[in-house]
Structures are given as structure tokens and as C-alpha cells.
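# Overview (structure and organization)
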Amino acid sequence: AQSVAQPEDQVNVAEGNPLTVKCTYSVSGNPYLFWYVQYPNRGLQFLLKYITGDNLVKGSYGFEAEFNKSQTSFHLKKPSALVSDSALYFCAVRDSNSGYALNFGKGTSLLVTP
Amino acid sequence: NAGVTQTPKFQVLKTGQSMTLQCAQDMNHEYMSWYRQDPGMGLRLIHYSVGAGITDQGEVPNGYNVSRSTTEDFPLRLLSAAPSQTSVYFCASKRTGPSYEQYFGPGTRLTVT
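So, here is what we can say about the structure in this document.

## Some details on the side chain of Gln6 of chain A
Residues and elements named next belong to chain A. With respect to the element layout, Gln6 can be found in the loop between β1 (3-5) and β2 (10-14). With relative accessibility at 9%, the residue Gln6 sits in the buried group. Engagement of the side chain of Gln6 in a polar contact is seen with the side chain of Thr108, the distance being 3.1 Å. Non-local contacts of Gln6, meaning those with residues more than four positions away in its chain, are made with Val21, Lys22, Trp35, Tyr89, Phe90, Cys91, Gly105, Lys106, Gly107 and Thr108.

Below you can see the structure in the form of C-alpha cells.
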């Protein structure tokens, strides 16, 4: 089965510092990987995806993610964190067994402090 | 476009009651799905549909029914609510195909007492 793991429940970073939210994947075949963000009491918003091509994927709100096949990772990054980036972040992988639904990680709570 | 809409936003049920969570999308997406979100567990797939008249089970389908009579609507029915179904429910839709991202509704927070 296709799955992702987010090893950190929470990440704390000071405003202006770079941030990284980690994700590793386990898939058979080529991975289709996604990052979503959830603000309090809101639905999930799409940030970016890796399908094929460049290993560095750029997305919304200044976020980017680096696909690393040898380390089976897809870490989310941002060069300079904002307090407004504080939210819950989910990594997800396409599931080929359910019409291409998504299998989600458990989520990582990002807290950016002023 | 309104995107994906869900009603109600909040609901409290007593054990054994039934109800329907509504979901609609105006993006002409063939694929729709229902997830539940529980603390520390991410989102888990309940049911999905690849088009009108076609539905299938996801990871956690027990206690839920779905139907898809139109492209736009994908209601989720709780047949006999149980406290274990207390959760936040999200509906999502996307274009058919493996590379397209899903668009999520705002969610329904359900409490079963």
C-alpha cells in the first residue's frame, strides 16, 4: 500500500528562520506526492505536488518541497517563516487502489513564534 | 465558483439517530470522496465515487452509506450514529486521473452523544 509518514508531531521555528516539515514515503512504482495545509477550523488547502520532473517543486505562499528518491523523502520547506504560516501540515500520496484518493500522514503542527 | 460546499457546519446527534451530511461541488469534477479527521490520525477515506452512479468503499466505510445520483452531489449518510463516529468530516473532489489535486470543503464537525 502507498503510505507516507510524518515523523514530527510539532515543529517550532522563529519568524524569519527557514522551516522544514518532514515527510517520507513508501510506494510501489512512481510516487505522486502532495502537501496540504489546514488552518484552524478550516478545510485543507493544496500547497504543491510532485508528479515527475524537477526534484524541487514550488507551490503556494512561498513554500517548496524537495523530492529525494534515494531517501524516499518529500520535505516541505520555506526560506523565511511567517507567524501566519502556523497551521497543520499534511503530506499525502496518491493511492492507486481507490480511484486515486489520497493517503495522508498524521499531520505536523507548525508553530512560528514572533 | 463556490468550490466544494458542505452542510451543516456543526451537528450534534444522539446515539442511534441517523442523518445525512451534504456535499456539493460546482467544478464538474468526476471524482468525489469523503474523509474523516480524528486527532493524531490524519484523514481517513470513508467512501469515494469516480462518477455518477458509481461508488466504492474506502478505508473506514462501516456505519456510512453514500450515493451519487448527479455529478454535483455526494451525500454521506450515517445510518445509526455511534459515539465512535464523533469526528470532523471532509468532502473533496477532483478531476479524474492520478495527478490532479483534491479540493476540500470546509468540513462538518459531528458530535455523537
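## Regarding the pairing of strand β6 (residues 54-57) of chain B
By the bridge criterion, three bridges tie strand β5 (residues 43-51) of chain B to β6 of chain B in an arrangement that is antiparallel. Paired with Tyr48 of chain B across the strands is Asp56 of chain B, a residue of β6 of chain B.

## A few points about the layout of surface pockets
A probe as big as a water molecule, rolled over the atoms, marks out the empty space that is left. Taken as a whole, the largest pocket holds about 620 Å³ of empty space. If you go around the largest pocket, you meet 30 residues; those closest to its centre are Gln38 and Asn41 of chain A together with Gln37, Val88 and Arg109 of chain B. Within the residue set of the lining of the largest pocket, elements represented by two or more residues are β10 (87-95) of chain A together with β9 (87-94) and β11 (108-112) of chain B. If one sorts the elements of the lining of the largest pocket by residue count, β11 of chain B sits on top with four residues. Taken together, the residues that form the lining of the largest pocket break down as 12 nonpolar, 12 polar and six charged. Lining the second largest pocket are 15 residues, and of these Phe104 of chain A together with Met41, Leu43, Arg44 and Glu59 of chain B sit closest to its centre. Split by residue class, the lining of the second largest pocket holds seven nonpolar, five polar and three charged.

Cut-offs applied
- For every chain, the first residue of the written sequence is number 1, and numbering continues from 1 onward in sequence order.
- All chains are assigned letters beginning with A, and all ligands numbers beginning with 1, in the order in which they are written.
- At least 70 in pLDDT is required for a residue's local features to be given in this predicted model, at least 80 for side-chain atom pairs to be given and counted, and no such filter applies to totals for whole chains, interfaces and linings, which use all residues.
- Hydrogens and waters are ignored; side-chain quantities use all the structure's heavy atoms.
- Strands are runs of DSSP state E lasting at least two residues, helices are runs of H or I lasting at least four, and both sets are numbered from the N terminus onward.
- Classification of residues uses two cut-offs on accessible area relative to the type maximum, computed with a 1.4 Å probe and protein chains only: under 20% is buried, over 50% is exposed, and between them is partly exposed.
- What qualifies as a polar contact is a pair of N or O atoms within 3.5 Å, subject to a donor-acceptor requirement within protein and to the restriction that residues adjacent in sequence count only when both atoms come from side chains.
- Any two residues whose heavy atoms approach within 4.5 Å are treated as being in contact.
- Strand pairing requires that DSSP identify at least two bridges connecting the strands.
- Put simply, the grid is 1 Å and covers the protein atoms alone, a cavity is a trapped set of points that fit a 1.4 Å probe, a pocket is an open set with protein on both sides within 12 Å along at least five of seven lines, and lining residues have an atom within 4 Å of a point.
- Grid points are joined across faces, edges and corners, and a volume is the space filled by probe spheres set on the points.
- Note on residue classes: Ala, Val, Leu, Ile, Met, Phe, Trp, Tyr, Cys and Pro are nonpolar, Asp, Glu, Lys and Arg are charged, and everything else, Gly too, is polar.

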